[in-house]
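Each chain, written out:
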Amino acid sequence: MKIKLTLGLVLLSLSSALFAQSNYKQAIGVRLSPASNYDVFAASYKMFLAEQPALEFNLGVGGNRYAYFVDDYRTTTVSVSAAYQHHFAIKPVDGLKWYVGGGATVFHSSSKHDPFKGVSVGLFPTGGADYKFKKIPLNVSADWRPTFLVAKTDQYNGFYGDGFGIAARYTF
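Small disclaimer: the values here were computed from a predicted structure and weren't measured. (Residues numbered from 1 in each chain as written. Predicted model: local features only at pLDDT ≥ 70, side-chain atom pairs only at ≥ 80, totals over all residues. Heavy atoms only, no water.)

Enquirer: Whenever I open this one, empty space enclosed by the protein confuses me. Can you help?
Expert: Vacant regions in the atomic arrangement are exposed by a probe of water-molecule size rolled over the atoms. Inspection of every chain in the model, using the stated rule, returns one cavity of 30 Å³ or more. Taken as a whole, the largest cavity encloses approximately 60 Å³ of empty space. Surrounding the largest cavity, Arg31, Ser33, Ser36, Asn37, Tyr38, Asp39, Arg145, Thr147, Tyr160, Asp162 and Gly163 form its lining. Among the residues making up the lining of the largest cavity, the classes are represented as two nonpolar, five polar and four charged. (1 Å grid on protein atoms, 1.4 Å probe; cavity = no way out; pocket = protein on both sides within 12 Å on 5 of 7 lines; lining within 4 Å. Points joined across faces, edges and corners; volume = space filled by probe spheres on them. Nonpolar A, V, L, I, M, F, W, Y, C, P; charged D, E, K, R; others polar.)

Listed below in structure tokens is the structure:
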């Protein structure tokens, strides 16, 4: 009887360790990246596939103002991005994790100035920190997404290293 009980407890412990989830499974909210050209403000959805791997999706808007001599050109962009993130616990603080990963973005720019119009595609590595508050359904994160444009309109640079962002999301 004791052997069966011990074996049952060991199997239960192993199964809960194997199928353990993050502090939250899904989250929805906003991501702000003020220095970015293509996703200054984005709706953000994050879902954990297991304890460490997660996917994050963003639907953003952005834009910029460019001055050429006496002309003033404004761009407006709409973007979609997806990223894979692999999380690692920071042991002393419950709910705090750091992560690395990568993703892709596609954005469309509109402008009165033709060289800024069109679709651009970028790839980015990502890294950051993620914290889930213990007593309230809130997650906050800070990350860096330097973006390499693999297809772009004429006037955009091929690299944007200023993709720092912060996010706040409701967890469920």
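Enquirer: Teacher, can you tell me more about the environment of Val40 here?
Expert: On the secondary structure map, Val40 appears in the loop between β1 (26-32) and β2 (41-48). Remark: the alpha-carbon pair of Val40 and Ser79, spanning 39 residues in sequence, is separated by 9.8 Å. (Helix = DSSP H or I, 4+ residues; strand = E, 2+ residues; numbered from the N terminus.)

Enquirer: I keep staring at the pattern of salt bridges and nothing clicks. Help me out?
Expert: Pairing between side chains becomes possible if they bear opposite charge and their charged atoms approach one another. Scanning the model with the defined rule gives seven salt bridges in all. Measuring nitrogen to oxygen at the nearest pair gives 3.2 Å for the salt bridge that ties Arg145 to Glu56. In this pair, Arg145 sits in the loop between β7 (138-144) and β8 (147-151) while Glu56 sits in strand β3 (residues 53-68), placing the two residues 89 residues apart along the sequence. Comparing Arg145 with Glu56, the two get one shared label, buried. Salt-bridge contacts for Lys134 lead to Asp94; the nearest nitrogen and oxygen are separated by 3.4 Å. Here the residue Lys134 occupies a position in the loop between β6 (118-132) and β7, and Asp94 occupies one in the loop between β4 (71-89) and β5 (96-111), the gap between them amounting to 40 residues. On the accessibility criterion, Lys134 (66% relative accessible area) is exposed. Each of Arg31, Asp39, Glu56, Asp143, Arg145 and Arg169 takes part in salt bridges that share partners, so that together they form one network. (Salt bridge = Lys/Arg side-chain N within 4 Å of Asp/Glu carboxyl O. Buried < 20%, exposed > 50% of the residue type's maximum accessible area, 1.4 Å probe, protein only.)

Enquirer: Whenever I open this one, the side chain of Asn58 confuses me. Can you help?
Expert: Within the secondary structure, Asn58 sits in strand β3. A polar atom in the side chain of Asn58 sits 3.1 Å from the side chain of Ser44. A distance of 3.3 Å separates the side chain of Asn58 from the side chain of Glu56, its partner in a polar contact. (Polar contact = N/O pair within 3.5 Å; in protein donor to acceptor, adjacent residues only side chain to side chain.)

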